[in-house]
Amino acid sequence: MSFRSSKIGGNILPFPGQRTLVAPDATPLLPVLIVLHQETSTPGRVGNALRALGYRLDIRRPRFGDPLPETLDQHAGAVIFGGPMSANDSDDYVRREIDWIEVPLREQRPFLGICLGAQMLAKQLGAQVAPHHEGRVEVGYYPIRPTEAGHALCPDWPERVYHWHGEGFQLPRGAKLLAEGDDFPVQAYQHGQAFGFQFHPDVTYAMMHRWTTRGCVRMEQPGAQLRHLHFEGRAVHDVTERAW
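Predicted, not measured: the structure shown is a model, and the values here were computed from it.

J.: Help me out: how do you make sense of helix α7 (residues 227-243) in this one?
T.: Owing to its 3.6 residues per turn, the α-helix aligns residues three or four sequence positions apart on the same side. With 17 residues, α7 should reach 24 Å at 1.5 Å per residue; the first-to-last C-alpha distance of 24 Å fits that figure. The largest bend in α7 comes to about 60 degrees, at His237. Every buried residue of α7 is listed here: His230, Phe231, Gly233, Arg234, His237, Asp238 and Glu241.

J.: Is there a simple way to think about the pairing of strand β4 (residues 77-80) in this case?
T.: Taken residue by residue, a regular strand's side chains alternate between the two faces of the sheet. Here β4 shows two buried faces, one formed by Gly77 and Val79 and the other by Ala78 and Ile80. Relative to strand β5 (residues 111-114), β4 runs parallel, the two sharing 3 bridges. Residue Ile80 lies in a different strand from β5, and its bridge partner there is Gly113.

J.: Looking at this model, I keep getting lost on the packing of helix α2 (residues 92-100) against helix α4 (residues 116-124). Mind explaining?
T.: Packed helices, taken two at a time, are described by the angle their axes make and the gap between the axes. Two elements in contact, α2 and α4, have axes separated by 8 Å at closest approach and are oriented at 65 degrees. Relative to α4, the element α2 is oriented roughly perpendicular. Handedness of the crossing formed by α2 with α4: right-handed. For the pair α2 and α4, the contacting residues are Val94, Arg95, Glu97, Ile98 and Asp99 in the first and Met120, Lys123 and Gln124 in the second. Residue classes in the contact of α2 with α4 are distributed as 3 nonpolar, 1 polar and 4 charged.

J.: Honestly, unusual backbone geometry in this entry has me stumped. Any pointers?
T.: Note: most residues except glycine have negative phi, and most peptide bonds are trans. A positive phi angle is found at Gln108, which is not glycine, with a value near 55 degrees. One can find Gln108 in the loop between α3 (102-107) and β5.

J.: Mind showing me how you'd approach the nonpolar core here?
T.: Note that soluble globular proteins tend to have their nonpolar side chains buried in a common cluster. Ranked by internal contacts, the top residues of the largest apolar core, which has 28 residues, are Trp100, Phe111, Met120 and Tyr189. Taken together, the elements giving at least two residues each to this core come down to β2 (32-35), β4, α2, α4 and β12 (186-191). Ranked by residues supplied to this core, first place goes to α4 with 5 residues. Among all residues touching Trp100, those that are not within four sequence positions of it are Leu33, Leu68, Pro69, Leu72, Ala78, Ile80 and Phe111.

J.: How do you make sense of the environment of Arg242 when you look at a structure like this?
T.: Note on placement: Arg242 falls in helix α7. Put simply, Arg242 and Pro158 are 84 residues apart on the chain and 8.9 Å apart in space, counted from C-alpha to C-alpha.

J.: I keep staring at the side chain of Arg234 and nothing clicks. Help me out?
T.: Note on placement: Arg234 falls in helix α7. Dropping the residues within four chain positions of it, Arg234 is found in contact with Arg45, Tyr141, Val203, Thr204, Tyr205 and Met208.

J.: Before we go on, may I ask you to explain the packing of aromatic side chains in this structure?
T.: Each aromatic ring pair is described using two quantities: the centre-to-centre distance and the angle formed by the ring planes. Applying the stated criterion across every chain, the model contains 9 aromatic pairs. Their ring planes at 65 degrees and their centres at 5.4 Å tell us that Phe169 and Tyr189 sit as a pair that is edge-to-face. Highlighted residues: Phe169 in strand β10 (residues 167-169) and Tyr189 in strand β12, separated in sequence by 20 residues. Plain terms: the ring middles of Phe199 and Trp244 are 5.8 Å apart, the flat faces sit at 50 degrees to each other, and that makes the pair tilted. In this pair, Phe199 sits in the loop between β13 (194-197) and α6 (205-214) while Trp244 sits in the segment after α7, placing the two residues 45 residues apart along the sequence. For Phe199, a relative accessible area of 0% translates into the label buried. Taken together, the aromatic side chains of Tyr141, Tyr162, Trp164 and Trp211 make up a single cluster linked through ring pairs.

Scoring rules and cut-offs
Starting from 1, residues in each chain are numbered consecutively following that chain's sequence as written. In view of the model being predicted, local features appear only for residues whose pLDDT reaches at least 70, and side-chain atom pairs are presented and counted only at 80 or more, with totals across whole chains, interfaces and linings using the full set of residues. To get the side-chain values, take all heavy atoms of the structure and skip hydrogens and water. Strands are runs of DSSP state E lasting at least 2 residues, helices are runs of H or I lasting at least 4, and numbering of each runs from the N terminus. Expected span of a helix: the number of residues minus one, times 1.5 Å. To get the bend at any residue, fit one axis to the seven residues that end at it and another to the seven that begin at it, then take the angle between the two axes. Only protein chains enter the accessibility calculation, which uses a 1.4 Å probe; a residue is then buried when its area is under 20% of its type maximum, exposed when over 50%, and partly exposed in between. Pairing between two strands requires that DSSP report at least two bridges joining them. In this analysis, axes come from line fits to C-alpha atoms, helices being fitted only over the stretch in contact, and the angle between any two N-to-C directions falls in the range 0 to 180 degrees. Angles below 35 degrees are treated as roughly parallel, those above 145 as roughly antiparallel, those between 65 and 115 as roughly perpendicular, and all remaining angles as oblique. With the far helix as reference, a near helix turned anticlockwise by less than a right angle produces a left-handed crossing, and one turned clockwise produces a right-handed crossing. Pairs of residues are marked as contacts when any of their non-hydrogen atoms sit within 4.5 Å. Ten residues, namely Ala, Val, Leu, Ile, Met, Phe, Trp, Tyr, Cys and Pro, are considered nonpolar, four, namely Asp, Glu, Lys and Arg, are considered charged, and the remaining ones, Gly among them, are considered polar. We call a set of buried Ala, Val, Leu, Ile, Met, Phe, Trp, Tyr and Cys residues a nonpolar core when their side-chain atoms join them within 4.5 Å. Two aromatic rings from Phe, Tyr or Trp, using only the six-membered ring of Trp, form a pair when their centres are within 6.5 Å; if the ring planes differ by under 30 degrees the pair is stacked, by over 60 it is edge-to-face, and anything between is tilted.

This is how it looks when you write it as structure tokens:
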């Protein structure tokens, strides 16, 4: 099976079977570029929110041969999602994605990096990405603390958010720290029109089931939470995280 688009734009998807929040006579919105890293990856709740607002999703998987555009003139913005690989990996597609982030930065277009995507953005901005010095991970729900800049941007941050990572990053030079954590101090940051989140606001209930089943070995690492705590945490904290 091939996961590469048959043509540029061939992966642009509407929101099937749902009303959008855009008036029928409104000018069509440009699609949002979505970069995923596995065959079964989806844009999850972030994708659902974008489609509900009337945006189409131009889904590409560079790992499987999909090219990235030379400009975002035909896109409203871009989101790079997470994946099991590292921003430090030497794979060509990883290096190409990090290099490509220069496009939205140069053009000052909206960009969001989630987990791996945030680490790639940090690398592009010259910051170091590395594992925790004691080998700890964040796999489950962990507290974050919004900074003054974070509160100015959004007053209602969730107290705990969902994580699935073993690496973190320094705050890039010139970036604003929006939220901080304990084992991994940089949890959210802003650099111009670009944002990086170390956590996963995109995760749906179905995605959590897949991750905790296929990635069960991750829950044996130092600092990780047991599987049942993921779902207990979701029952308590997901309403606030979803609203945020």
